[in-house]
Amino acid sequence: MGVVDEVIIDLSNMSVAELFIYDANPLLVDENASIGVPFRWIQNIGDIVILSRFPSERIRAS
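The notes below deal with the structure included here. (Residues numbered from 1 in each chain as written. Predicted model: local features only at pLDDT ≥ 70, side-chain atom pairs only at ≥ 80, totals over all residues. Heavy atoms only, no water.)

So, the nonpolar core
Short version of the rule: For the purposes of this section, nonpolar cores are sets of buried Ala, Val, Leu, Ile, Met, Phe, Trp, Tyr and Cys residues that join through side-chain atoms within 4.5 Å. When accessible area is computed with a 1.4 Å probe and restricted to protein chains, residues below 20% of their type maximum are described as buried, those above 50% as exposed, and intermediate ones as partly exposed. Under the DSSP-based scheme used, a helix requires at least four consecutive residues in state H or I and a strand at least two consecutive residues in state E, with every element numbered from the N terminus. In what follows, residue pairs with any heavy atoms lying within 4.5 Å of each other are defined as contacts.
Counting residues in hydrophobic clusters, the biggest one holds nine residues: Leu19, Ile21, Ala24, Val29, Ala33, Ile35, Val37, Trp41 and Ile42. Contributing elements (two or more residues each) for this core: β2 (15-22) and β3 (35-38). Setting aside its immediate chain neighbours within four residues, valine 37 contacts Met1, Ala17, Glu18, Leu19, Ile21, Ile42 and Leu51.

Some words on unusual backbone geometry
Even without glycine at this site, methionine 14 takes up a positive phi of about 50 degrees. Take methionine 14: it is sitting in the loop between β1 (3-10) and β2.

Some thoughts on the sheet that holds β2
Condition: Should DSSP find at least two bridges between two strands, the strands are regarded as paired. To get an axis, a line is fitted to the C-alpha atoms, and for a helix only the part in contact is used. The angle between two axes follows their N-to-C directions and goes from 0 to 180 degrees.
Strand order across the open sheet formed by three strands is β1-β2-β3, with antiparallel pairing between neighbours. A strand with exactly one partner marks an edge of an open sheet, and here the two such strands are β1 and β3. Put simply, the sheet's adjacent strands are angled 30 degrees from each other on average, direction ignored. Pairing of β1 with β2 involves seven bridges; the strand directions are antiparallel. Paired with isoleucine 8 across the two strands is glutamate 18, which belongs to β2.

Observations concerning the environment of asparagine 44
Mapped onto the secondary structure, asparagine 44 falls in strand β4 (residues 42-45). Residue classification places asparagine 44 among the partly exposed residues on the basis of a relative accessible area of 43%. When sequence neighbours within four positions are dropped, the list of residues in contact with asparagine 44 reads Val49 and Ile50.

Description of the pairing of β2
Once β1 ends, the chain turns through four residues before running back antiparallel as β2, passing methionine 14 with a positive phi of about 50 degrees. The pairing of β2 with β3 spans four bridges and is classified as antiparallel. Among the inter-strand pairings, phenylalanine 20 is bridged to a residue of β3, identified as glycine 36.

Coordinates in, geometry out; function isn't part of it.
Below is the structure:
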């Protein structure tokens with residue numbers, strides 16, 4: 001999808017809320033927008049991030 005730029009933390013629950021992806025792949029996200037991927041969508045993290053789900057339509061930049 002792109003490069004993980006930031007990890008967004010939910011301080012009230014002391015847990016990871018989402019990963020902020022910088023310059024996302026234009027095949028998946030319109031205009032190479034930066035997006036936040038909810039942590040609940042993530043199946044595995046290593047050198048690459050594996051998603052367990054992804055929206056069926058391309059995400060549009062706001």
